[in-house]
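# Tertiary structure, described
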Amino acid sequence: MLILEGKYVVQPNKKLAIYAEGKTLPAGTLESDIEALQKNCQGKGRCDVQVNTQHGIMRGTLIEKKPYKFSGWHFEGHLAFPPKA
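Residues numbered from 1 in each chain as written. Predicted model: local features only at pLDDT ≥ 70, side-chain atom pairs only at ≥ 80, totals over all residues. Heavy atoms only, no water.

Per an unreviewed UniProt entry, the protein carries the name Outer membrane protein assembly factor BamA and comes from Deinococcus radiopugnans ATCC 19172.

Take a look at the structure:
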């Protein structure tokens, strides 16, 4: 499982999108997280991640999305809270 260091904002439906292209990264996104996602997801197209969000720690699978005509290269997926011990 890849642990991302940035602080990300998930949507109300617990969807997260991390955009890897653009002149500036969105607030909370770290360049080291983008590099780690690219390295770990290359070839598989998906990564299991743990992310710090506005709600606390969440886990899920992010899927690599290739650029299309109107969207840049990014990762997206749905997150959930980890099970309580």
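## Digging into the environment of lysine 15
Along the chain, lysine 15 falls in strand β2 (residues 15–19). Given the relative accessible area of 25%, lysine 15 is considered partly exposed. As for lysine 15 and aspartate 48, which are separated by 33 residues in sequence, their C-alpha atoms are 14 Å apart. Residue contacts for lysine 15: discarding those within four places in its chain leaves Val10, Glu76, Gly77 and His78. (Helix = DSSP H or I, 4+ residues; strand = E, 2+ residues; numbered from the N terminus. Buried < 20%, exposed > 50% of the residue type's maximum accessible area, 1.4 Å probe, protein only. Contact = heavy atoms within 4.5 Å.)

## Re helix α1 (residues 31–41)
Every buried residue belonging to α1 is among Asp33, Ile34, Leu37 and Cys41, and all of these are buried. When α1 is viewed along its axis, its buried side chains cluster within an angular range of 100 degrees and face the same direction. Summarising the contacts, the buried residues of α1 are in contact with β1 (2–8), β2, β3 (46–53), β4 (56–65) and β5 (74–80). Positive phi shows up at glycine 43, right after α1, with a value of about 90 degrees. (Arc of directions from axis to C-beta.)

## Here's the deal with the side chain of glutamate 64
Here glutamate 64 shows up in strand β4. Each residue touching glutamate 64, except ones within four places of it in the same chain, is listed here: Cys41, Gly45, Trp73, His74 and Phe75.

## Points about the state of the cysteines
Considering all chains together, one arrives at one disulfide under this definition. Across a sulfur-sulfur distance of 1.6 Å, cysteine 41 and cysteine 47 are joined as a disulfide pair. Its relative accessible area of 1% is what places cysteine 41 among the buried residues. Overall, cysteine 47 belongs to the buried group, its relative accessible area being 5%. (Disulfide = S-S within 2.5 Å.)

## A short note on unusual backbone geometry
The phi dihedral of lysine 14 is positive, around 65 degrees, even though this residue is not glycine. Tracing the sequence through the fold places lysine 14 in the loop between β1 and β2. Residue lysine 14 is classed as partly exposed on the basis of its relative accessible area of 35%.

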